Amino acid sequence: MPGSADLTALWITLQLAAVSTLILLVLGTPLAWWLARTQWRFRFVVEAMVALPLVLPPTVLGFYLLIALGPEGPIGGLMEALGGQPLAFTFSGLVIGSVVYSLPFVVQPLQNAFSAVGRRPMEVAATLRASPLDRFFTVAVPLAAPGFLTAAVLGFAHTLGEFGVVLMIGGNIPGSTQVVSIAVYDHVEALDYTSAHWLSGGLLLMSMLMLMAVYALNRRFLVVRL
Amino acid sequence: MSIELAFRLDRGDFSLDLSLALPGAGVSAVFGPSGCGKTTLLRIMAGLERLAVGHLRVGGRTWQDVNQFVPPHQRAVGYVFQEPSLFPHRSVEGNLRYGLRRSQGSGDSARLEQSIELLGIRHLLARRPHQLSGGEQQRVAIARALAMEPALLLLDEPLAGLDQERRGEILPYLERLHRELVLPMVYVSHSREEVARLADHLVLMDAGRVQAEGALTDVFARLDLAIAGQPGAETVLEGVVDDYDPRDGVVRVNSDAGPLHAVLGQMETGQPVRLQVQARDVSVALTAPQDSSILNVMPARIEDLAEQGTGHVMLRLRVGDTVLLARVSRRSARELSLAPGLEVHAQVKSVALLG
């Protein structure tokens with residue numbers, strides 16, 4: 001059986017994934033909408049930036065985030081100037097790191113879904129007296145619903161599995177910033193294979209179930225391609 | 001009430017530059033080849049083409065000019081797109097109520113009921129759009145636009161995506177709207193048949209410009225335009241059924257051109273009808289023909305004539321209050337010395353009922 005430290009790590013991991021996914025959906029939706037609709041010729045620059053976490057080694061991403069969030073960095077420094085704490089080695093810091101790390105997994109499915117909706121339904125809604133915000137929520141969002149499901153599950157699942165970024169900016173503080181993936185690493189280091197099995201198996205099962213749910217629900221609409 | 005507009009739009013490979021005054025009632029058809037800017041014109045009127053510069057006034061309200069641009073959702077317009085464009089995530093009734101709930105008028109369901117009735121879609125209300133045929137979807141889309149009680153109904157080739165059979169299924173509904181509503185409609189089409197059946201006013205477009213506009217009958221009869229030179233050239237006449245003879249099915253219609261007789265089958269006296277006379281079914285004689293099998297012979301005066309190819313001449317005849325096209329052989333025209341101003345007798349061999 002997993003020990004209480006492992007259960008805490010699992011709880012922190014789930015909290016981290018849930019909070020990050022929520023923030024990603026709030027931030028990613030307008031960004032994806034803009035990317036799907038804009039005719040700006042430098043759109044590709046923004047798209048490349050969003051996709052960067054897909055290719056960058058997590059340690060590199062984590063390193064830059066550590067610098068930015070630390071007391072000397074722009075974000076950490078700002079937090080200190082405002083009377084707060086620097087964000088490195090805190091749960092909030094982990095959330096920021098996860099949001100950056102999982103951004104493409106949320107923005108890209110949403111962008112694809114919004115592109116697939118196209119302009120016509122929005123024009124139809126406009127001629128039916130719906131204001132821009134009204135037609136976004138009553139037409140674009142329902143029609144892009146499969147994209148939202150995909151984005152939420154991928155964002156959540158991807159955050160569950162992050163390792164490098166968390167290690168760099170969160171340290172490995174049990175009960176505060178230690179997540180499952182790092183706890184597994186510690187168990188293996190300590191040759192405690194039983195605990196490593198419990199945690200790894202649990203994560204594997206959870207990820208598999210979530211992905212099966214996405215693919216099953218999306219079968220009627222569009223299959224996730226990344 | 002009338003609709004006045006003037007717009008310019010430049011998109012590199014395509015430019016549009018036109019000014020129009022359309023009647024505030026009845027159907028104005030915008031007719032022209034594909035790519036001539038018909039759809040763009042409708043989109044401009046609905047406010048969907050922001051880059052168009054110009055002005056639009058509908059019944060005294062300004063929708064667009066130099067100082068203002070009323071966004072599409074604040075224009076009292078109904079728009080029927082070429083493809084039905086129903087919201088797939090809503091039932092038929094949900095689609096109908098979407099615009100109704102957002103339009104200025106109270107949420108009164110009388111107009112909704114009327115739209116459902118006019119388009120004959122009551123049995124479809126609970127269905128989902130994907131369960132409907134293309135024709136049914138388009139009827140729902142028309143009802144959805146009508147339910148909002150728009151000041152202007154714009155229809156962008158609503159039948160173009162349908163096969164012949166479905167078209168025949170929807171045309172009667174459109175004719176019914178035309179008969180029963182005072183609502184002005186702008187109907188974009190490249191089908192001469194639809195225009196002949198529905199339009200009162202006709203705008204001919206080509207390459208982003210207006211070629212001609214006016215009452216349907218007048219524009220159809222203008223010999224300087226290509227439209228009268230086509231093989232199917234025809235005259236459209238409005239009239240009222242005056243008499244029906246049950247012995248042989250002959251109906252007498254009081255038309256702008258005078259009384260016309262045609263074998264149309266049983267019809268109610270007083271019923272308004274729209275008739276079509278093909279130019280090739282009209283001939284002329286210098287003296288009133290005796291003992292002819294032709295039912296309709298009317299005094300007429302030649303107003304204009306134009307040669308058609310090597311063998312034919314198209315005549316525009318003044319008959320009663322209207323004009324009639326007649327297509328005769330060039331030899332007959334020469335032997336009878338047909339010329340503008342000449343008084344003749346027009347013989348109409350056959351009259352067809354439109355719709």
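What you are looking at is a predicted structure, and each value in this text was computed from that prediction instead of being measured. (Residues numbered from 1 in each chain as written. Chains lettered and ligands numbered in written order. Predicted model: local features only at pLDDT ≥ 70, side-chain atom pairs only at ≥ 80, totals over all residues. Heavy atoms only, no water.)

Caption draft 1: Highlighting the confidence of the model for chain A. All names here are of chain A. Averaged over every residue, the pLDDT of chain A is 86; the share at 70 or more is 96%. At the level of individual helices and strands, chain A shows its lowest average pLDDT in helix 4 (residues 74–81), which scores 78, and its highest in helix 6 (residues 120–127), which scores 95. Contacts of residues 222–226 to residues separated by more than four positions or lying in other chains number 11 contacts, the stretch itself having pLDDT below 50. (pLDDT = per-residue confidence, 0-100. Helix = DSSP H or I, 4+ residues; strand = E, 2+ residues; numbered from the N terminus. Contact = heavy atoms within 4.5 Å.)

Caption draft 2: Here's a closer look at the UniProt feature "transmembrane region" (unreviewed entry) in chain A. The UniProt feature table records "transmembrane region" (unreviewed entry) at residues 12–36, 48–67, 87–107, 136–157 and 196–217 of chain A. Taken end to end, residues 48–67 of chain A comprises 90% helix and 0% strand; its first and last C-alpha atoms sit 22 Å apart. (UniProt positions renumbered as here; feature names shortened; annotations may be inferred.)

Caption draft 3: How the structure looks around the pattern of salt bridges. Residues and elements named next belong to chain A. This model, assessed by the stated rule, comprises 27 salt bridges over all chains. Across the pair Arg43 and Glu47 runs a salt bridge, and its minimum N-O distance is 3.6 Å. Note that Arg43 and Glu47 are positioned in helix 2 (residues 43–55) at a spacing of four residues, about one turn of the helix. Owing to a relative accessible area of 27%, Arg43 belongs among the partly exposed residues under this scheme. When its relative accessible area of 25% is taken as the criterion, Glu47 is described as partly exposed. (Salt bridge = Lys/Arg side-chain N within 4 Å of Asp/Glu carboxyl O. Buried < 20%, exposed > 50% of the residue type's maximum accessible area, 1.4 Å probe, protein only.)

Caption draft 4: Focus on the UniProt feature "domain: ABC transmembrane type-1" (unreviewed entry) in chain A. Here the UniProt-annotated "domain: ABC transmembrane type-1" (unreviewed entry) positions come out as residues 10–216 of chain A. For residues 10–216 of chain A, the end-to-end C-alpha separation is 26 Å, with 80% helix and 0% strand making up the annotated structure.

Caption draft 5: Quick peek at the packing of aromatic side chains. Evaluation of the coordinates by the stated rule reveals 12 aromatic pairs over all chains. Arranged with centres 5.0 Å apart and planes meeting at 75°, the rings of Trp33 of chain A and Phe136 of chain A form a pair that is edge-to-face. Here Trp33 of chain A is found in helix 1 (residues 4–37), whereas its partner Phe136 of chain A is found in helix 7 (residues 132–143), with 103 residues between them in sequence. Measuring from centroid to centroid gives 6.2 Å for Phe42 of chain A and Phe44 of chain A, while their planes differ by 50°, and the two rings are tilted. Counting every residue linked through ring pairs, the aromatic cluster contains Trp33, Phe114, Phe136, Phe137 and Phe148 of chain A. Between the NZ or CZ atom of Arg102 of chain B and the centre of the ring of Tyr98 of chain B, over which it lies, the distance is 3.8 Å. It is Arg192 of chain B that lies over the ring of Phe220 of chain B; its NZ or CZ is 4.8 Å from the centre. (Phe/Tyr/Trp six-rings, centres within 6.5 Å; stacked < 30°, edge-to-face > 60°. Lys NZ or Arg CZ within 6 Å of the ring centre and 35° of its normal.)

Caption draft 6: Broad picture of the side chain of Thr138 of chain A. Inspection of the secondary structure assignment puts Thr138 of chain A in helix 7. Within polar-contact distance, the side chain of Thr138 of chain A engages the side chain of Tyr98 of chain B at 2.6 Å. Apart from the residues lying within four places of it in its own chain, the contact partners of Thr138 of chain A are His89, Arg90, Tyr98 and Arg102 of chain B. (Polar contact = N/O pair within 3.5 Å; in protein donor to acceptor, adjacent residues only side chain to side chain.)

Caption draft 7: Spatial organisation of the domain arrangement of chain B. All names here are of chain B. In terms of domain boundaries, chain B breaks down into domain 1 (2–215) and domain 2 (234–353). Here domain 1 and domain 2 have C-alpha centroids that lie 34 Å from each other. Contact with domain 1, which involves nine residues of that partner, is made by five residues of domain 2. Across the domain 1/domain 2 interface, buried area totals approximately 410 Å², and carbon plus sulfur atoms make up 34% of it. Summed over the shared surface of domain 1 and domain 2, the result is two salt bridges. In this structure, Asp200 engages Arg274 in a salt bridge whose closest nitrogen and oxygen atoms are separated by 3.1 Å. Scanning the region where domain 1 abuts domain 2 turns up five residue pairs in polar contact (both at pLDDT 80 or more). Contributions of two or more residues to the side of domain 1 that touches domain 2 are made by helix 5 (164–180) and helix 6 (192–198). By residue number, the principal contributor to the side of domain 1 that touches domain 2 is helix 6, which donates five residues. Across the side of domain 1 that touches domain 2, the residue classes tally to four nonpolar, one polar and four charged. (Domains from an automatic or database assignment. Buried area = accessible area lost by both parts, 1.4 Å probe. Nonpolar A, V, L, I, M, F, W, Y, C, P; charged D, E, K, R; others polar.)

Caption draft 8: Broad picture of the interface of chain B and chain A. Taken together, the contact pairs 23 residues of chain B with 18 residues of chain A. Around 1,800 Å² of area is buried between chain B and chain A when both sides are counted, 62% of it from carbon and sulfur atoms. Of the charged contacts, one joins Arg120 of chain A and Glu83 of chain B as a salt bridge, the two residues approaching to 2.5 Å between their closest N and O atoms. At the boundary of chain B with chain A, the tally comes to seven residue pairs in polar contact (both at pLDDT 80 or more). Listed by contribution, the elements that provide at least two residues to the side of chain B that touches chain A are strand 6 (77–80) and helix 2 (92–102) of chain B. The biggest single contributor to the side of chain B that touches chain A is helix 2 of chain B, with three residues. Partitioned by chemical class, the residues of the side of chain B that touches chain A number 11 nonpolar, six polar and six charged.

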